[in-house]
Amino acid sequence: MVRPILKQIENDVALNFLKENEAEKEYIIIKNKDKWFGLFLNNKLIGCWGVEIKKTYIKFGGFFILKEERGKGYGKLLAKYLIDLYGDKKIIAYCSPTTTHINCKYFNFKIVKK
């Protein structure tokens, strides 16, 4: 089994990936973030998640995994990495209808606004 690789990516790489894969059709807001993290499998970008770093909290958004790679645990891997990295601050996550239940079930996020 090939292990996925997590690494920081540039804004333009993330934004192009999201646009090319029509992420906006899945309610993903495509915009610049302070940092983007990519998930690679066989040197191919299969997912990303953006982070905005504020003074007292971290804001997650732009979470997207390619359709053909969903259900394999890659999204949970990426989310766990970022939560571990930024878990010392309050975390706000903007979720699409397809990711809300995942974030609440696996990471104990609470829905505060729909």
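Everything here concerns the structure above.
Computed from a predicted structure; not experimentally measured. (Residues numbered from 1 in each chain as written. Predicted model: local features only at pLDDT ≥ 70, side-chain atom pairs only at ≥ 80, totals over all residues. Heavy atoms only, no water.)

Asker: Summarise the pairing of strand S3 (residues 44–53); cite the residues concerned and give the values.
Answerer: Two faces belong to every sheet, and in a regular strand the side chains alternate between them. The buried count for S3 comes to eight of 10 residues, which makes it a mostly enclosed element. Direction of pairing for strand S2 (residues 35–41) relative to S3: antiparallel, over a ladder of seven bridges. Note on S3: the bridge partner recorded for Phe37 is Trp49. Hairpin connection of S2 to S3: two residues between the antiparallel strands, including Asn42 at a positive phi of 55 degrees. Judged from the six bridges that link them, S3 and strand S4 (residues 57–65) form a sheet pairing that is antiparallel. (Buried < 20%, exposed > 50% of the residue type's maximum accessible area, 1.4 Å probe, protein only. Helix = DSSP H or I, 4+ residues; strand = E, 2+ residues; numbered from the N terminus. Pairing = 2+ DSSP bridges.)

Asker: Tell me about the environment of Asp12, and please be specific about residues and values.
Answerer: With respect to the secondary-structure elements, Asp12 resides in helix H1 (residues 11–20). Between the C-alpha atom of Asp12 and that of Asn32, which follows or precedes it by 20 residues, the distance is 8.2 Å.

Everything listed here is a matter of geometry and, on its own, says nothing about what the molecule does.
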